[in-house]
Amino acid sequence: MSLAVNGLNSYVDPSVVNAASGSALSGKLDNINASESADELKEVCREFESYFMEQVYKEMFKTIGSDENADSSLSSLVDYFKDGVIQKVATQTTEQSGGPLAQQLYEQMKRNYGITEE
């Protein structure tokens with residue numbers, strides 16, 4: 001099964017999606033080059049932190065009550081753009097804060113997989 005929703009294929013590796021036990025991902029981590037993998041691992045950790053912040057912001061948005069008097073067309077327009085704006089804000093937050101969660105994830109995974117920086 002292949003996903004083709006607005007370029008989603010660039011974010012989802014089908015071999016990882018199809019692996020029920022995650023063995024494909026584990027195999028990839030076992031066969032990585034140390035110098036390339038450190039940079040890739042940092043980037044993946046940053047992306048994960050951004051995604052995590054996006055989910056936090058979406059949950060925070062749910063706590064805000066909706067305006068019952070609002071125009072339905074305006075509400076549809078807000079819903080249309082809300083996800084994109086939340087995603088951008090989460091990315092900017094992660095970039096500006098220096099990514100403390102990403103740094104912790106990176107350090108832990110680096111130890112677990114024996115990756116050294118050169």
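Residues numbered from 1 in each chain as written. Predicted model: local features only at pLDDT ≥ 70, side-chain atom pairs only at ≥ 80, totals over all residues. Heavy atoms only, no water.

Asks: Let's hear about the overall build of the protein: which residues, and what values?
Replies: When helices and strands are tallied, the protein shows five helices and zero strands. Counting from the amino terminus, the protein carries its helices and strands in the arrangement α-α-α-α-α. Counting only residues that meet the buried cut, the protein has 14% of its 118 residues in that class. If you take every contact in the protein between residues at least 6 apart in sequence, the share linking residues at least 24 apart comes to 82%. (Helix = DSSP H or I, 4+ residues; strand = E, 2+ residues; numbered from the N terminus. Buried < 20%, exposed > 50% of the residue type's maximum accessible area, 1.4 Å probe, protein only. Contact = heavy atoms within 4.5 Å.)

Asks: Now, about helix α4 (residues 72–97): what can you tell me, with residues and values included?
Replies: Under the 1.5 Å per step criterion, the end-to-end length of α4 is 36 Å for 26 residues, consistent within 8% with the ideal 38 Å. Of all the bends in α4, the greatest, near 35°, is centred on Lys82. For α4, the full list of buried residues reads Ile86, Ala90 and Thr94. Gly98 lies just past α4 and shows a positive phi near 85°. (Expected span 1.5 Å × (residues − 1). Bend = angle between axes of the 7 residues up to and from the residue.)

Asks: Account for the packing of aromatic side chains, with residues named and values stated.
Replies: Counted under the stated rule, the structure contains one aromatic pair. For the ring pair Tyr80 and Phe81, a centre distance of 4.9 Å and an interplane angle of 90° mean the geometry is edge-to-face. On the basis of relative accessible area, Phe81 is assigned to the partly exposed category, the value being 46%. (Phe/Tyr/Trp six-rings, centres within 6.5 Å; stacked < 30°, edge-to-face > 60°.)

Geometry only, nothing functional implied.
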